[in-house]
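Each chain, written out:
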Amino acid sequence: MNQKRLSIALAGNPNSGKTTIFNNMTGTRQKVGNWPGVTVEKKEGNVKKFGYDLKIIDLPGTYSLTPFTIEEIIARDFVLEERPDVVIDIIDASNLERSLYLATQFREIDCKVLFALNMADVARSRGLKIDGKKLSELLDVPVVFTVGNKNQGMDTLLEKAIELAESNYEIPQKRRVKYSKDIENSISSLKSFLENWTQGSIPYSSRWTAIKLLEDDKIVKKRVLNKAGENSREILQQARTHRDFLVDRFDDDPEIVMTDERYGFIAGIIKEVLTTSTKQRIDISRNIDLVLTNRFLGFPIFIFFIWAMFQLTFSLGAYPMEWIDMGVTFVSKSLAHVLPNTLFKDFLLNGVIAGVGSVAIFLPNILILFFCIAIFEDTGYMSRAAFLMDKIMHLIGLHGKSFIPMLMGFGCNVPAIMASRTLESEKDRILTILITPFMSCSAKLPVYIVLAGAFFGARAGTVIFGIYLAGIILSIVTGRLFRSTLLRGADAPFVMELPPYRAPMIKSLVIHMWDRGKIFLKKMGGVILVGSVVVWTLSAFPHNISYSLDYNSKIAEVKASYRFEIETARESDKKLLAKQRDIEVAELIKAKKTEKAEKSFMGRIGKVLAPVFAPIGIDWRGSIALLTGFVAKEIVVSTMGILYVADETDDSSALKNALLSSGMTPVGALAMMVFVLLYMPCLATVAAIRRETGSYKWMIFSVVYSTSLAWSVAFCIYQGGTLLLA
Amino acid sequence: MLLSNLKKNQTAKIVHIGGNGALRRRILEMGLIKGTEVYVEKYAPLKDPIELIVKGYHVSLRVEEAAKITVDNVK
């Protein structure tokens, strides 16, 4: 049986519970992506109900349908151009008056729309009573009561939507905003003008088009120009004339006057439809805020929540992290036994499995982190966090909402950059994304510990703290710099709703968390895998190296020469001699490995780049380590281990000693730490930057800027420090 | 008087929305229009932004944004 297909668009204000309803309807059958050409999230899902195959599209939450913000443009264009069969406007019942502003605009577009009065339970508990029938009558729109986070009313909603879609419903001409006389005159005059001069070449309702032209809507104007051909100039001229008349008449722009009048119309509706109980009901949300945004308690509590989030992420995440680690090691070891010693085996174990393992290990942490973020968002606490932090963020040139992504950067930059989606303005998003990498991620910490531990002894802790501080300061400076140059422009309005607190639905939280986790695994995992393979390849080849010394025969020689001595020695001396032999052999093996590293492609690249790194106090081995850090910052330490110690032991003191005797100075170590702090982020982060900014331009800029900054600062530190100490 | 001059727990009526561009539009579409009553719920711990109750819901805006709104009927 072929099911009939219908498309349903979900629209509504932010915080109206739209996402919850979308999740209820589509469950796990969602597809998350981006609207074409922009970095705004698009969610689509399917549900089969009442014999229909319904495609549900979640439009971005908006307060209005002006052509100014990208979210509004997307929402409006979808309704105008894609023409869904039905639009469901989800209205927060506790916020009827403001919500009707968007609702009346949908009525003006002439699409089939129905209202979902959501969170009706909260409204009721606050003493608000809405006459749904009257509202439906006054606007000629079907109304359904729903309670999204209790999954109530979903079926009725879909039923009514299907009914509406299938009906031969003539969009009612009455029952919508009627403006004042002068404006209505201009509208009808323009409307007839349009009808005469375009003859249907413009696919929108003529009244709506007339209204938009009077409002000087630049997108509609452009479309009229494109579609109405030669007549368009006349039309726009007419519109202009009417506009000038109205500006003169009202001493203000028509769109402002019309906004006022829309609200006037809405006020009239509210009077007839809404009754507020006179009993003073307790507003729980407000009481909670007496504590959470309290002048004295607000910040401490906020800091506590942040601390709790990180605690949970790392302590709870440690368990699955260990399991995954054990799993990867197990697979690696078993394969090591089973497979013959070939190049492919090396590739599989040290390239592929090591690479995948290093990503998979982070998955539990990332999931928990996103789960916590989802809790903040769904409960409504996120806006309180922005409220508390905005003053400080604004000083940097950012929005209060930037705080959480930046904070997450201390854990891992990848989810931090993905979290910047919560910012509404594209400029704010890009700025936050560019600054976040300077928040020293946890993968860099092992490098600091090794270097600071080796060169600064007891003061290592202070030095590391200084590094973190430097990162924060540089991010502030960079932020202000970019804000006044590249990302110049008026600040995006902060005006932000503080929605009532809500108990989050576990289902929503899990979906939210898993969405992000999936992205992390798919994109980042793929990129890291490729990167690890490349690094492995560069280190493994050329395979047949011509050594300066025939190590293998030398080792055999040493072993042979000792064999005779040991056999003929006294019992008590045997052990000592064996030890001596082992040391000599180890030295040779070490020299062989070092030479292999030097002569591999990776090593050659390191040597070529050595002059670049010399002025900042880093030798060729350090430069190779830094290069491998491109794949993942944790690899820097292990590469240093291989190159300086030529031994894969976990013996940290061995590395320390090797570093101390390598010719590196404390100033050089400091320069290297600063370089690690600032230089281009790991491959996964770079990929995330590209994805979230939607362009290669910003990705390349970020890489170039951070690496240049790293080099410059390291240079100043190394040269300046060496001069000072000389 | 400007909205940004109001103290905690005061009420006032909006007389005029100044400024232009994105901020003005945003303020209007959030329901802060001429004749609307606003109540100052609190100022943030760092004295900025301000939390208001307008048309039955809570909205926050920066002090510099509130300075664009003229009010009277202050109680």
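Residues numbered from 1 in each chain as written. Chains lettered and ligands numbered in written order. Predicted model: local features only at pLDDT ≥ 70, side-chain atom pairs only at ≥ 80, totals over all residues.

Looking only at helices and strands, chain A has 31 helices and ten strands in total. The dimensions of chain A, computed from C-alpha atoms along their principal axes, are 115 × 55 × 55 Å. Burial statistics for chain A: of 726 residues in total, 41% are counted as buried. (Helix = DSSP H or I, 4+ residues; strand = E, 2+ residues; numbered from the N terminus. Buried ≥ 20, exposed ≤ 12 C-beta atoms within 10 Å, placed from the backbone.)

All names here are of chain A. Read across the sheet, seven strands follow the order S2-S3-S4-S1-S5-S6-S8 without closing on themselves; strand pairing throughout is mixed. The sheet is open, and its two borders are formed by strand S2 (30-34) and strand S8 (143-145), each paired with just one other strand. Neighbouring strand axes in the sheet, compared pairwise and without regard to direction, differ in orientation by 25 degrees on average. The sheet contact formed by strand S1 (residues 4-12) and strand S5 (residues 86-92) spans five bridges and is parallel. Note on S5: the bridge partner recorded for Ala-11 is Asp-89. This element, helix H1 (residues 18-26), spans S1, S2, strand S3 (41-49), strand S4 (52-58), S5 and strand S6 (113-118) of the sheet and lies at about 40 degrees to S3. Here helix H6 (residues 154-166) sits on the sheet and contacts S1, S3, S4, S5, S6 and S8; the angle it forms with S5, its principal contact strand, is near 140 degrees. (Pairing = 2+ DSSP bridges. Axes fitted to C-alpha atoms, helices over the stretch in contact; angles between N-to-C directions. Contact = placed C-beta atoms within 7 Å.)

Residue and element names in this part refer to chain A. Under the 1.5 Å per step criterion, the end-to-end length of helix H7 (residues 181-198) is 25 Å for 18 residues, consistent within 8% with the ideal 26 Å. Where H7 is concerned, the buried positions are Ile-183, Ser-186, Ile-187, Leu-190 and Leu-194. Seen end-on, H7 carries its buried residues on one side only, within an arc spanning 100 degrees. The exposed residues of H7 that point more than 90 degrees off its buried face are Lys-181, Glu-184, Ser-192 and Asn-196. Downstream of H7 by one or two residues, Gln-199 has phi in the positive range, about 45 degrees. (Expected span 1.5 Å × (residues − 1). Arc of directions from axis to C-beta.)

Contact residues are listed per partner, giving 29 residues for chain A and 28 residues for chain B. Those elements giving two or more residues to the side of chain A that touches chain B turn out to be helix H3 (96-109), helix H11 (254-273), helix H13 (298-338), helix H16 (381-396) and strand S10 (496-497) of chain A. A per-element tally of the side of chain A that touches chain B places H16 of chain A first, with five residues. Residues of the side of chain A that touches chain B, tallied by class, amount to 14 nonpolar, eight polar and seven charged. (Nonpolar A, V, L, I, M, F, W, Y, C, P; charged D, E, K, R; others polar.)

Glancing now at the nonpolar core. Residues and elements named next belong to chain A. In terms of nonpolar packing, the biggest core is built from 177 residues, with Met-673 and Phe-675 touching the most fellow members. Of the residues forming this core, the biggest block, eleven residues, is contributed by helix H29 (residues 666-678). The contacts of Phe-675, once residues within four sequence positions are left out, are Ile-616, Leu-626, Ala-710 and Ala-714. (Core = buried A, V, L, I, M, F, W, Y, C linked by C-beta atoms within 7 Å.)

This part covers the packing of H7 of chain A against helix H8 (residues 206-214) of chain A. All names here are of chain A. Running from N to C, H7 and H8 point in directions that differ by 120 degrees, and their axes come no closer than 8 Å. Like other packed secondary-structure pairs, H7 and H8 cross with a definite hand, here right-handed. Only Ser-206, Arg-207, Thr-209, Ala-210, Ile-211, Leu-213 and Leu-214 of H8 make contact with H7, whose side of the interface consists of Ser-186, Ile-187, Leu-190, Lys-191, Leu-194 and Glu-195. Class assignment for the residues of the contact of H7 with H8 results in seven nonpolar, three polar and three charged. (Left-handed = near helix turned anticlockwise from the far one by under 90°.)

Residues and elements named next belong to chain A. Note that Phe-465 resides in helix H21 (residues 460-484). Since 12 C-beta atoms lie within 10 Å of it, Phe-465 is described here as exposed. A sequence separation of 17 residues divides Phe-465 from Tyr-448, and the C-alpha atoms of the two residues are 9.9 Å apart.

A few words now on the pairing of S4 of chain A. Residues and elements named next belong to chain A. With seven bridges joining them, S1 and S4 adopt parallel strand pairing. What sits directly across from Ser-7, in S4, is Lys-55. Where S3 meets S4, seven bridges bridge the pair, whose relative direction is antiparallel. Directly across from Val-47, in S4, lies its bridge partner Leu-54.

A few words on the sheet that holds strand S4 (residues 57-61) of chain B. On the basis of which strands lie adjacent, the open sheet formed by six strands has the order S10(A)-S4(B)-S3(B)-S2(B)-S1(B)-S5(B) and antiparallel pairing. Sheet topology places S10 of chain A together with strand S5 (69-72) of chain B at the edges, where each strand pairs with a single neighbour. Judged from the five bridges that link them, strand S2 (residues 37-43) of chain B and strand S3 (residues 50-54) of chain B form a sheet pairing that is antiparallel. By the bridge assignment for S3 of chain B, Tyr-43 of chain B is matched with Ile-50 of chain B.

Residues and elements named next belong to chain A. When its domains are assigned, chain A resolves into domain 1 (4-166), domain 2 (181-276) and domain 3 (298-336 + 348-442 + 460-508). Averaged C-alpha coordinates put domain 1 and domain 3 at centres separated by 31 Å. Domain 1 puts ten residues into the contact, and the matching count from domain 3 is ten residues. In terms of residue count, the dominant contributor to the side of domain 1 that touches domain 3 is H1 (three residues). (Domains from an automatic or database assignment.)

What follows concerns H6 of chain A. Residues and elements named next belong to chain A. Compared with the 18 Å implied by 1.5 Å per residue over 13 residues, the 18 Å span of H6 between its first and last C-alpha is a close match. Considered for burial, the residues of H6 that qualify are Leu-157, Leu-158, Ala-161 and Ile-162. Down the axis of H6, the smallest arc covering the buried residues is 130 degrees, so these residues share one side. Tucked inside the fold, the buried residues of H6 contact S1, S3, S4, S5, S6 and S8.

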